[in-house]
Every structure is written in structure tokens, then in C-alpha cells.
Amino acid sequence: MTDSTNGRPRRTPERHRGAVTLRRESIPPSTADEKLLDSHYRREWKTKDAWRALRILSEFVEGFDTLADLPPAVSVFGSARSKPDSPECEMAADLGAALAEAGYAVITGGGPGVMEAANRGATEAGGMSVGLGIELPFEQGLNDWVDVGIDFRYFFVRKTMFVKYAQAFVVLPGGFGTLDELFEAITLVQTKKVTRFPVILMGAAYWGGLLDWMKRTVLDDGKISPTDLDLIQVTDDVDEAVRIIVDAAPISSSNSVVMEED
């Protein structure tokens, strides 16, 4: 069957749950995260949450085992809705290539838009391209430029992998998911849960309103310190972004960010 709008084969709807792929009528109406977090499922807390704990543990083990041998890496975030010819996708592709040429693997959420562009740039430049997918209620799937891909059920497991195996975050224009990753990264650096960890915004015009609000409202109201704003660096220059990352933590035998020890 083809899509009448572009003549291409229509993709069969599917959802990934770890190693399991579900298609068509086999796709359930809810996700694993929803059942874990939604209070409407409290009737399952006694009977199923203990088993979910084992599934969560298995996702951590799978992620740790798969990603432990990565070279030094950078996590790149941005919208899945961005068009391939958009400025942010062009910037993401250039960034992916520049990071690969500098010796870094590129980690994204594995989806379309900015994520696909960054993966493509890294792969075409001969670098390692990683995609960390997530079970969503709508179709997405890993893009074709991912060399190493993992599909997660749980957001919090996936988010751990983004931080643990990266030496920096680069955040391009995006929506709620991108903002979530941005502010979590800033919080981890602010509270010294991770060290030597640049957080770089690319797309200065897009982020300008948010930064102004942080300065004029959040800072002026005393909710953050002036030094907290220094945790974020802004540039539209790909070479400068890579230079910031290299200067913060030169590539060495360590392949991940320095995290607070237990």
C-alpha cells in the first residue's frame, strides 16, 4: 500500500517494547510508562509493580552493557517535528559531522527531525551514531542513520543513558521533550551530580525568549543565582560548539562524564 500524498510505501504502524515489536492490532492503547506512573492503574500496584521493577532493572542492564564500550560521546537534542530542510536540521547535520570528525560518538533520541539530521551527519562523516528510542503512543521508531539503537520502555532509564555516556549536551530547537532534557541537564550540573559537562544551546533566535525570561523573571525574583546562568552556553557556530566540548573535557581513556560517586 502506498501513501497517496507522496507515492511512497506506507509504513505499517508499529511499537517497540524492548526487544518486542508490535504491529497493527497488537499495539496496546497504553504504554509501559503510563501504566507505571498513572494513578488510574493503582489497582496493579500490588500485583504488578514488583515485576515491573525487574523489567526496569533489565533495561538498565541492557543499556549499560550496550553503551559501555562507546567512544567519548555527545548527546544532541531537538525536535522530531523539524523538517529536513529547516535551519535546525541543517545545523544538526553539520554538528553531527563535526563531532564525528573530532572523535565523538553522537547520541540522539533516535527519532526523525533534528535527531535524524544529527545521526546522519555523524554517520556520513564516519563516526558512531547512537539512537536511544522510547515507546510512545504514536508511531516513531529509530531513524535509518542509527548504528547502535536501543528501544526503552521507561523515560527515566533512557534519560540516565543520555547523561551517563555523554560528555556534553547540545540542545537545538525543540518542544517539551527537548526542554525536559535541557533543564534536567542544567539541574544535574547545578547540583554537582555531574561535572565538566557543557550544556550548549544552538539556535540563538529560538532560545532568546526563554533566556530573557530566565534573566528577567527567574533570576530577578531570586529563584536562581547569576552563576547558574553561566551553566548554559549559546552559539550558532558549529566549530565553537565543538571547541567548547573539547576544552571542557579533552578526549582521553575515559568514555563518559564524571558523575558523583556513591
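Relevant structure appears above.
Residues numbered from 1 in each chain as written. Predicted model: local features only at pLDDT ≥ 70, side-chain atom pairs only at ≥ 80, totals over all residues. Heavy atoms only, no water.

1. Considerations on the overall build of the chain
Here comes step 1: Scanning the chain from N- to C-terminus turns up 9 helices and 11 strands.
Here comes step 2: A total of about 14,100 Å² of accessible surface is found on the chain, and carbon and sulfur atoms cover 53% of it. (Helix = DSSP H or I, 4+ residues; strand = E, 2+ residues; numbered from the N terminus. Areas by Shrake-Rupley, 256 points an atom, 1.4 Å probe, with all protein chains shown as cover.)

2. Here's the deal with helix H9 (residues 238-248)
Here comes step 1: Residues of H9 that are buried include every one of Val-238, Ala-241, Val-242, Ile-244 and Ile-245, and no others. Across the axial projection of H9, the buried residues extend over an arc of 155°, all falling on one side. Seen from the buried face of H9, the exposed residues on the opposite side, beyond 90 degrees, are Asp-239 and Asp-247.
Here comes step 2: Tucked into the core, H9 has its buried residues touching strand S3 (73-77), helix H3 (87-101), strand S7 (169-171), strand S9 (199-201) and strand S10 (232-234).
Here comes step 3: The distance from a side-chain oxygen at the start of H9 to the backbone nitrogen of Asp-239 is 2.8 Å, and the residue carrying that oxygen is Asp-237. (Buried < 20%, exposed > 50% of the residue type's maximum accessible area, 1.4 Å probe, protein only. Arc of directions from axis to C-beta. Contact = heavy atoms within 4.5 Å. Polar contact = N/O pair within 3.5 Å; in protein donor to acceptor, adjacent residues only side chain to side chain.)

3. Quick word on the packing of helix H6 (residues 176-190) against helix H7 (residues 204-219)
Here comes step 1: Here H6 crosses H7 at 45°, and the two axes come no closer than 14 Å. One element, H6, and the other, H7, form an angle in the oblique class. The way H6 lies across H7 gives a crossing that is right-handed. Contacts between H6 and H7 involve Thr-178, Leu-179, Leu-182 and Phe-183 from the first element and Trp-207, Leu-210 and Met-214 from the second.
Here comes step 2: Looking at side-chain class alone, the contact of H6 with H7 contains 6 nonpolar, 1 polar and no charged residues. (Axes fitted to C-alpha atoms, helices over the stretch in contact; angles between N-to-C directions. Parallel < 35°, antiparallel > 145°, perpendicular 65-115°, else oblique. Left-handed = near helix turned anticlockwise from the far one by under 90°. Nonpolar A, V, L, I, M, F, W, Y, C, P; charged D, E, K, R; others polar.)

4. Some words on the pairing of strand S5 (residues 129-134)
Here comes step 1: Here S5 lies mainly inside the structure; 6 of its 6 residues are buried.
Here comes step 2: Across the two faces of S5 the burial is the same, with Ser-129, Gly-131 and Gly-133 and Val-130, Leu-132 and Ile-134 all buried.
Here comes step 3: In this sheet, S5 lies alongside strand S4 (residues 105-108) in parallel orientation, the contact comprising 3 bridges. Paired with Thr-108 across the two strands is Gly-131, which belongs to S5.
Here comes step 4: Taking the sense of rotation as the criterion, the β-α-β connection linking S4, helix H4 (residues 114-124) and S5 turns out right-handed. (Pairing = 2+ DSSP bridges. Right-handed = clockwise from strand over helix to strand, strands pointing away.)

5. Things to note about the environment of Val-130
Here comes step 1: Within the secondary structure layout, Val-130 lies in strand S5.
Here comes step 2: Residue Val-130 is classed as buried on the basis of its relative accessible area, which comes to 0%.
Here comes step 3: Counting along the chain gives 24 residues from Val-130 to Val-106, while the straight-line C-alpha distance between them is 6.0 Å.
Here comes step 4: Apart from residues no more than four positions distant in its own chain, Val-130 is found in contact with Leu-67, Leu-70, Val-106, Ile-107, Thr-108, Asn-119, Val-146 and Val-148.

6. What to know about the sheet that holds S3
Here comes step 1: Judged by pairing direction, the sheet is parallel, and its 7 strands sit side by side in the order S6-S5-S4-S3-S7-S9-S10 without closing on themselves. Looking at strand neighbours, the two that pair on one side only are strand S6 (148-152) and S10, the edges of this open sheet. Averaged over all pairs of adjacent strands, the angle between their axes in this sheet comes to 25°, without regard to strand direction.
Here comes step 2: As judged from the 3 bridges shared by S3 and S7, these two strands associate in the parallel manner. By the bridge assignment for S7, Val-76 is matched with Val-170.
Here comes step 3: The strands touched by H3 within the sheet are S3, S4 and S7, with S3 carrying the most contacts at an inclination of about 175°.
Here comes step 4: Across the face of the sheet, helix H5 (residues 155-164) comes into contact with S3, S4, S5, S6 and S7 while running at roughly 160° to S5.

7. A few points about the pattern of salt bridges
Here comes step 1: All chains considered together, the criterion is met by 5 salt bridges.
Here comes step 2: Arg-153 is paired through a salt bridge with Glu-59; the nearest N and O atoms lie 4.0 Å apart. Of this pair, Arg-153 sits in the loop between S6 and H5 while Glu-59 sits in helix H2 (residues 45-67); the two residues are 94 residues apart in sequence, bridging distant segments of the chain. Neither Arg-153 nor Glu-59 differs from the other in exposure class; each is buried.
Here comes step 3: Between Lys-159 and Glu-184 there is a salt bridge, with its nearest N and O atoms 3.5 Å apart. Taken as a pair, Lys-159 in helix H5 and Glu-184 in helix H6 lie far apart in primary sequence, 25 residues in all.
Here comes step 4: Taken together, the salt bridges that share partners define one network made up of Lys-159, Asp-180 and Glu-184. (Salt bridge = Lys/Arg side-chain N within 4 Å of Asp/Glu carboxyl O.)

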